[in-house]
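Structure assessment
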Amino acid sequence: MGSIKSRPGIAGLFNLSHLSAGFVAVLVGYTSSAVIIFQAAAAAGASTAEISSWLWALGIGMGLTSAGLSLYFRTPVLTAWSTPGAALLVTALSGVPVNEAIGIFIFSSGLILLCGLTGWFEKIMHHVPMPLAGAMLAGVLLQFGIDLFKVMQSSLLLVGLMLAVFIAVKRLFPRYTIPIVLLAGTATALFQGQLNVEVLNWQLSTPLWVTPTFNLQTMIGVGVPLFIITMASQNVPGVAVLRANGYETPVSPLLTWTGFAGVMLAPFGGFSYNLAAITAAICMGDEAGQDRSKRYMASVWAGGFYLLTGLFGSTIASLFTAFPTALVMAIAGLALLSTIGNSLSAALADPGDREAALLTFLVTVSGLNLLGISSAFWGLCIGLIAYYVSKKS
């Protein structure tokens, strides 16, 4: 089933199913991973104004690509920032100047743009087995899961309650688990007097240009893993969700435009744009309307909500600054829990690939840093060597 070139009337434009599905998709996306963006920006030493600009760039980029691509192809195409990529940046950007970080973003998005223009996507990913990509991703995200229980020691009531709500709600309302957990954590922090509401600042975001600088070591050590993680853990599932729901939208133009958006908006903090998977499924299911040919309007609405979050990025920045550190670390760990589990499962599923995947995972977790290049890159290199040697033996 391909795209159906149908145009909605006024009634279709304001269809409640489309509107609510788009809103829920953005709500789930932001509440599940926006905190990681703050951690990534902080790791690069970004100022409050620069963090606000990052949120502006991400919201504007996701809004334009989601709405634009959905309207053009008449299929529910939803884009997102790379959450695993942001998690990588939290550790990899430590000590990296902001200007170099911007250069890394341009380099990584340029690779995505190149893949879209040339159609190299399938060819490149063919040489990076999914078990190794999963192992590298799991290694990058593992610390977030561990930090969840580290902060529990000093904030037992807050984090313990959030964990209890997560376990209880996950079975009943899996799609809304993270927003509910965030609400419970916010209410508890408010009760304990830990919410710093004085820092709330309601104002429009101002984009802030940062001139990029390009460092070969950081481009290889951080830019290449960011590109691979974005392609393997975001774009591959994103395409799979489209295909599973019967939409045969051509992939290369989607990569071209998300890569182009990344190159153009990187100087303002748009570190990566890719196809969404989990949130995109919300805009493709029955919740987005009974008429499959018009479900793309849910993604158009999501694009509109993304634009609003971008315009008011500084407000979102001040909102998350008001949260206690324990709440931020707990919600990040819980939000990434399933991703860690799925990545480990994919990495270790095949006994023949298990040793190479395990090497990739362990090297990535170790924090090994050689020649100024981060452990994620070395983990992938060592894993690939082990993988192809085992295939020849």
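Overview of the overall build of the protein chain
Scanning the protein chain from terminus to terminus reveals 17 helices and two strands. Going through the 393 residues of the protein chain one by one, you find that 58% of them count as buried. Intrachain contacts of the protein chain at a sequence separation of at least 6 include 84% that bridge at least 24 residues. When the accessible surface of the protein chain is totalled, it reaches about 16300 Å², and 70% of it is carbon and sulfur.

Re the packing of helix α5 (residues 98-118) against helix α11 (residues 251-265)
Taken N-terminus to C-terminus, the directions of α5 and α11 make an angle of 155°; their axes are 7 Å apart at the nearest point. Taken as axis vectors, α5 and α11 run roughly antiparallel relative to one another. As α5 runs across α11, the sense of the crossing is left-handed. Facing Ile106, Ser109, Gly110, Ile112, Leu113, Gly116 and Leu117 of α5, the residues of α11 in contact are Ser252, Leu255, Thr256, Thr258, Gly259, Phe260, Gly262 and Val263. Looking at the contact of α5 with α11 residue by residue, the classes come out as seven nonpolar, eight polar and no charged.

Structural notes on the nonpolar core
Of all hydrophobic cores here, the largest spans 130 residues; its most connected members are Ile36, Leu93 and Phe105. Examining the composition of this core, we find that 13 residues originate from one element, helix α2 (residues 16-43), more than from any other. Filtering out sequence-adjacent residues up to four positions away, Ile36 remains in contact with Thr83, Ala86, Ala87, Val90, Phe144, Ala332 and Leu336.

A few points about unusual backbone geometry
Of note, the phi angle at Arg74 is positive, near 55°, even though the residue is not glycine. Structurally, the position occupied by Arg74 is in the loop between α3 (48-73) and β1 (79-80).

Thoughts on the environment of Gln194
Here Gln194 is to be found in the loop between α9 (177-191) and α10 (216-244). In sequence terms Gln194 and Ala322 are 128 residues apart; their C-alpha atoms lie 8.5 Å from each other.

A word on the environment of Ala386
The topology assignment puts Ala386 in helix α17 (residues 375-392). C-alpha of Ala386 to C-alpha of Asp353: the two residues are 33 residues apart in sequence and 9.1 Å apart in space. Setting aside residues up to four positions removed in sequence, Ala386 forms contacts with Ala356 and Leu359.

Considerations on the packing of aromatic side chains
As enumerated under the stated definition, the model contains nine aromatic pairs in all. Here Trp56 and Phe268 contribute two aromatic rings whose centre-to-centre distance is 5.6 Å and whose plane-to-plane angle is 65°, an arrangement assigned as edge-to-face. Taken together, the residues Trp56 in helix α3 and Phe268 in the loop between α11 and β2 (274-275) connect sequence positions 212 residues apart. Accessibility expressed as a relative area gives 16% for Trp56, which makes it buried. Ring pairs connect the aromatic residues Phe23, Trp301 and Phe305, which therefore count as one cluster. Note that Arg292 overlies the ring of Tyr247, its terminal NZ or CZ placed 4.6 Å from the centroid.

Some words on the side chain of Thr218
With respect to the element layout, Thr218 can be found in helix α10. Sequence-distant contacts of Thr218, that is, excluding residues within four places in its chain, are made with Val96, Glu100, Ile104 and Gly223.

Some details on the packing of helix α7 (residues 130-152) against helix α15 (residues 325-348)
In the contact formed by α7 and α15, the axes pass within 7 Å of each other and the chain directions differ by 150°. With respect to each other, α7 and α15 are oriented roughly antiparallel. Considering only the axes of α7 and α15, their crossing is left-handed. Among the residues making up the contact of α7 with α15, the classes are represented as 19 nonpolar, five polar and one charged.

Quick word on α3
Over its 26 residues, α3 extends 37 Å from the first C-alpha to the last, a length consistent with the 38 Å expected when each residue adds 1.5 Å. Buried residues dominate α3, accounting for 20 of its 26 residues. The first or second residue beyond α3 is Arg74, which carries a positive phi of 55°.

Some details on the pattern of salt bridges
One pass over the structure, following the stated rule, counts one salt bridge. Lys294 is paired through a salt bridge with Asp291; the nearest N and O atoms lie 3.1 Å apart.

What to know about the confidence of the model for the protein chain
A low pLDDT score tells you not to read the predicted coordinates there in detail. When pLDDT is averaged along the protein chain, the result is 83; 90% of the residues meet or exceed 70. Predicted confidence for residues 1-6 stays below pLDDT 50, and this span has 18 contacts to residues more than four positions away or in other chains.

With respect to the environment of Leu337
Mapped onto the elements of the fold, Leu337 is located in helix α15. For the pair Leu337 and Leu148, spaced 189 residues apart in sequence, the C-alpha separation works out to 9.8 Å.

Topic: helix α16 (residues 354-366)
The periodicity of an α-helix, 3.6 residues per turn, causes residues three or four positions apart to be oriented the same way. Helix length check: α16, at 13 residues, gives a terminal C-alpha distance of 18 Å against a target of 18 Å (1.5 Å per residue), a fit within 8%. For α16, the complete set of buried residues consists of Ala356, Ala357, Thr360, Phe361, Val363 and Thr364. Buried residues in α16 make contact with α7, α15 and α17. Gly367 occupies a position one or two residues after α16 and carries a positive phi of about 80°.

How each quantity is defined
Residues numbered from 1 in each chain as written. Predicted model: local features only at pLDDT ≥ 70, side-chain atom pairs only at ≥ 80, totals over all residues. Heavy atoms only, no water. Helix = DSSP H or I, 4+ residues; strand = E, 2+ residues; numbered from the N terminus. Buried < 20%, exposed > 50% of the residue type's maximum accessible area, 1.4 Å probe, protein only. Contact = heavy atoms within 4.5 Å. Areas by Shrake-Rupley, 256 points an atom, 1.4 Å probe, with all protein chains shown as cover. Axes fitted to C-alpha atoms, helices over the stretch in contact; angles between N-to-C directions. Parallel < 35°, antiparallel > 145°, perpendicular 65-115°, else oblique. Left-handed = near helix turned anticlockwise from the far one by under 90°. Nonpolar A, V, L, I, M, F, W, Y, C, P; charged D, E, K, R; others polar. Core = buried A, V, L, I, M, F, W, Y, C linked by side-chain atoms within 4.5 Å. Phe/Tyr/Trp six-rings, centres within 6.5 Å; stacked < 30°, edge-to-face > 60°. Lys NZ or Arg CZ within 6 Å of the ring centre and 35° of its normal. Expected span 1.5 Å × (residues − 1). Salt bridge = Lys/Arg side-chain N within 4 Å of Asp/Glu carboxyl O. pLDDT = per-residue confidence, 0-100.

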